[in-house]
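# Close look at the chain arrangement
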Amino acid sequence: MSPDPVPYDPEAPDPVTPDPVPYGSVAPDPVVRNEVGGTTTVHGPVVQAGRIDTLTVAAAVPAILPGSPAPRLLPAPARHFTDRHDELARLTALLDGTDGADDAAGPDGDPAPRVVVLTGTGGIGKSATALHFAARLRDRYDGGQLHADLRGDATATAAAPSTVLVRFLRALGVAPPYLPADEQEQIDWYRTLTADRRMLTVLDNAHSAAQVLPLLPTGPGSLTLVTSRRRLDGLTREVGARVIQLPPLGPADAALLLTRLSGREAPHPAEADAVARRCGGLPLALCMAGERLAVRTHLTWQQLEQDMATAAAPSDEPGADASGIDPGTDPVTAAADTSYDDLTPGAARLYRLGGLRPWPALTAPAAAVLAEVPEPEAAVLLDELAAIHLLEEHAAGRYRHHDLLRAHAERRALRVDGHARAAAAVGRLLRHHLAEAAAADARVMPGRWHLGPAYDRLPPDPRTAEQAADWLLAERENLVEAVRTADEYGLDDLTWQLCEALWSLFLRNGHHQDWLATHRLGVRAAARCPATPEAEGRMHAQLGFALKGLGRLDEAEQAFTAAAEADRRCGHRRGEATAVESLGLVRLEQRRYEEAEACFVAAEALTDDPRARALLAHHRGRALSGRGEHDQAAATLERAGRLMAELPVPDTYNQARVLTSLGQAALAAGDRERAARVLAEAAERMRQEKAPVQDADIAELRARAAATPGDRRAFLTEAVELHERLGSPRAAALRAELGTDSDSTT
């Protein structure tokens, strides 16, 4: 059990990041199938806190997949980047040690890792500047380059460090099944893996120093470029970060950028200067103005300046404050107004409705739903908006608003469409996301028990399970935002159903901070849905698995208890059986074997499902073995194997797992001969299932059961090779054990 139990509170927020560990300190896609519950078999990588199936893994030493290349995550820099020569010179002097600063050096005389914060007002070009600098400097950093958008425009949208760390660890070569769930452990692994690398990292759009600190690489000579509208003074205090304030572009450079973007010279320099002044030297406004000139070939520079002047004038329209000043009088909004006025009606509507929520990405299918047009037409509208810089295409086919333009679009939507039609558009998109997520989830895990009307009458899905899983992973940020939006709009039935549709995504990939955040909302929403009383227990149970994955077993126990009570109140025996079984799995992990067995017995009494009863017998056998009831454990596990074989469609994978547990039980009983025989059969069957993680675990067990030192060494060697191929951290410990065996035989 955890040393300091925390009361279970499904609505309690998690901190964005744990207390920072001093910067610079270093702490110590194979197919996987793991059984999570009596009605669920998981196909694909499952994130578990320090456990892989039945073998506890020492997770202090990270391992990477063999042959993993250095990461190269930097996006391409802007084509028409202009100016910032002085700022680049300052950065280069800092890196070359010619700026006169007395910075600390690393252990071998290498400079300590550097952190530079590029700050300035919205639209000043911080992101473009960081990417331009990174492109110019990347040859200095052979350890790799990392990049993340921290979405720090607001607290609600800011990316949790854990979410970014999972992506970075994968890029560094950590295999998905072995990614730690706990955020502090992720930080430790990240710092260990970057300690000997000279890394270049760009952390764009940061919200706070606390968000950034866990993401800083530790390798000597590494450079991290951080962009933010805030100065992030905490980074200066903690790690000696240098702050470079970006000013607006000067008149000459602003006019040059306009010329480059538009592809034409102004007839008179004064006309370009006038447009540049209207843009306030802000690159975002200049880009919109320049793209407008490029698209509207008959638009004169003089007319553009007059349009922007009109847009910037005080307004009597709704939205003006008491002084008559409209929110649209700043240069970015003035440029956006003039570009918006050029849009076709369809593109204008999509621009407005797409800005109602901070969607991480708008795709053609989502845009089609918002604008109520066919998907090919929506793709054209997205291109139209991107062509004049009202949207940015940050990845192929994925578009988003700059946050300043999203605010502009939202004001336009409320003014033009009104609250009712705006809310209807958001509702349409939420239902679209739910339908797509439910279809993908059902394709990934077709055999699991699905809850909610979203799963009724799903159309045939031609995708493979892996393709559907890839879609869920790509849309994760949008789906998390959909849960948050549904909650804010009071759409409780959509909130919990979206959580239900995220089950296979989180189970396969972790993202535990998102899992906790969404399912806490799901618990609250389900409690307000009397038409589907079984939803409350379902949400508590799924939240329990998130807590279990994080190793917060006391809270997980309370969540599963709440799930069982909710299902008992509404007479939902299937849900109650799953919750009681899950409670038993927690107690099994806590080594409370007698209580675990009692849970499995109680769950078996609640279900008539043959497969669930077979799995419960397997769990019960493991609990009995833990109690030292070796004969009864063996008999129960043999019964579980028979039940698996007698199913209408025999569960061959779980038959192999039962044999593995039977071999472990024999080892615990001291019967190595029987263990060796049973585990040999388990190994043969598991090889047919193509489950390499379990293959590695069985090889290690067979080494423990081996009759001779030669056999033991052969099985340990097999286990090491499998774990290394998988990128498992277990490989290091087993290789050390091999070395010890070798020393003892010489």
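Read on for an overview of the structure. (Residues numbered from 1 in each chain as written. Predicted model: local features only at pLDDT ≥ 70, side-chain atom pairs only at ≥ 80, totals over all residues. Heavy atoms only, no water.)

## Focus on the overall build of the protein chain
In plain terms, the rule: Helix and strand definitions follow DSSP, with helices as H or I runs of at least four residues and strands as E runs of at least two, each counted in order from the N terminus. Using a 1.4 Å probe on the protein chains alone, a residue whose accessible area is under 20% of its type maximum counts as buried, one over 50% counts as exposed, and one in between counts as partly exposed. Using a 1.4 Å probe, the Shrake-Rupley method yields the accessible areas, and only the shown protein chains count as cover for residues.
When you go through the protein chain residue by residue, the secondary structure sums to 32 helices and 11 strands. Buried positions account for 56% of the 746 residues belonging to the protein chain. Per element, the accessible surface of the protein chain, about 30,100 Å² overall, is 52% carbon and sulfur.

## Comments concerning the nonpolar core
To be explicit about the condition: Buried residues of nine kinds, namely Ala, Val, Leu, Ile, Met, Phe, Trp, Tyr and Cys, make up a nonpolar core once their side-chain atoms join them within 4.5 Å. By definition in these notes, contact holds between two residues if any of their heavy atoms fall within 4.5 Å.
Residues Leu91, Leu223, Leu343, Tyr351 and Leu390 are the most contacted members of the largest nonpolar core, which totals 143 residues. With 11 residues, the single largest contributor to this core is helix 16 (residues 418-444). Excluding residues that lie within four positions of it along the chain, Leu91 makes contacts with Val116, Phe133, Leu137, Leu223 and Leu225. Membership of the second largest hydrophobic core comes to 32 residues, among which are Leu150, Val174, Ile187 and Val243.

## Brief notes about the packing of helix 12 (residues 345-354) against helix 14 (residues 375-387)
Going by this rule: Lines fitted to the C-alpha atoms define the axes, with helices restricted to the stretch that makes contact. Angles between their N-to-C directions range from 0 to 180 degrees. Should an angle fall under 35 degrees it is taken as roughly parallel, and over 145 as roughly antiparallel, whereas 65 to 115 is taken as roughly perpendicular and any remaining angle as oblique. The classification used treats Ala, Val, Leu, Ile, Met, Phe, Trp, Tyr, Cys and Pro as nonpolar, Asp, Glu, Lys and Arg as charged, and all other residues, Gly among them, as polar.
Across the interface, helix 12 lies against helix 14 with an axial gap of 9 Å and an inter-helix angle of 80 degrees. With respect to helix 14, the element helix 12 is oriented roughly perpendicular. Residues Gly346, Ala347, Leu350 and Tyr351 of helix 12 pack against Ala378, Leu381, Leu382, Glu384 and Leu385 of helix 14. The residue inventory of the contact of helix 12 with helix 14, partitioned by class, reads seven nonpolar, one polar and one charged.

## So, the sheet that holds strand 6 (residues 145-149)
This is how the line gets drawn: Whether two strands pair comes down to DSSP finding at least two bridges between them.
Here five strands make up an open sheet; going across it, the order is 6-7-8-5-9 and the pairing parallel. What marks the edges here is a single partner per strand, and that holds for strand 6 and strand 9 (242-245). Strand-to-strand twist across the sheet, computed as the mean angle between neighbouring axes with direction ignored, equals 15 degrees. Of the strand pairs in this sheet, strand 6 and strand 7 (residues 200-204) are connected by five bridges, and their pairing is parallel. Along strand 7, the bridge assignment pairs Gln145 with Leu200. The strands touched by helix 3 (residues 161-171) are strand 6 and strand 7; relative to strand 6, the strand with the most contacts, the crossing angle is about 155 degrees.

## Topic: the pairing of strand 7
Most of strand 7 is tucked away, with five of its five residues classed as buried. In strand 7, alternate side chains face the same way, and those of Leu200, Val202 and Asp204 on one face and Thr201 and Leu203 on the other are all buried.

## A few points about the pairing of strand 5 (residues 114-119)
In terms of burial, strand 5 is largely enclosed, as six of its six residues are buried. Burial along strand 5 is two-sided: Arg114, Val116 and Leu118 facing one way and Val115, Val117 and Thr119 facing the other are all buried. Pairing geometry for strand 5 and strand 8 (residues 223-228), over six bridges, is parallel. Each residue of the ladder has a partner; that of Thr119, found in strand 8, is Ser228. Relative to strand 9, strand 5 runs parallel, the two sharing four bridges.

## Quick word on helix 12
Most of helix 12 is tucked away: seven of the 10 residues are buried. Within helix 12 the residues assigned to the buried category are Ala347, Ala348, Leu350, Tyr351, Arg352, Leu353 and Gly354. Where helix 12 is buried, its residues meet helix 11 (331-341), helix 13 (364-371), helix 14, helix 15 (403-416) and helix 16.

## Considerations on the side chain of Arg197
To keep it simple, the criterion reads: The convention is simple: Lys and Arg are positive, Asp and Glu are negative, and His and the chain ends are not counted. In the sections that follow, a salt bridge refers to a side-chain nitrogen of Lys or Arg positioned within 4 Å of a carboxyl oxygen of Asp or Glu. Here a polar contact is taken to be a pair of N or O atoms separated by no more than 3.5 Å, where protein atoms must pair a possible hydrogen donor with a possible acceptor and residues adjacent in sequence count only if both atoms sit in side chains.
Inspection of the secondary structure assignment puts Arg197 in the loop between helix 4 (183-194) and strand 7. Buried and unpaired, Arg197 has Asp196 as its nearest opposite-charge partner, separated by 8.2 Å. Within the structure, Arg197 has its side chain in polar contact with the backbone oxygen of Gly143 (distance 3.1 Å). Filtering out sequence-adjacent residues up to four positions away, Arg197 remains in contact with Ile64, Ala70, Pro71, Gly143, Leu172, Gly219 and Ser222.

## Topic: unusual backbone geometry
One can expect most non-glycine residues to show negative phi and most peptide bonds to be in trans. One non-glycine residue, Leu232, lies in positive phi territory at about 55 degrees. For Leu232, a relative accessible area of 7% corresponds to the buried category. Of note, the phi angle at His389 is positive, near 70 degrees, even though the residue is not glycine. Note that His389 resides in the loop between helix 14 and strand 10 (392-395). When its relative accessible area of 28% is taken as the criterion, His389 is described as partly exposed.

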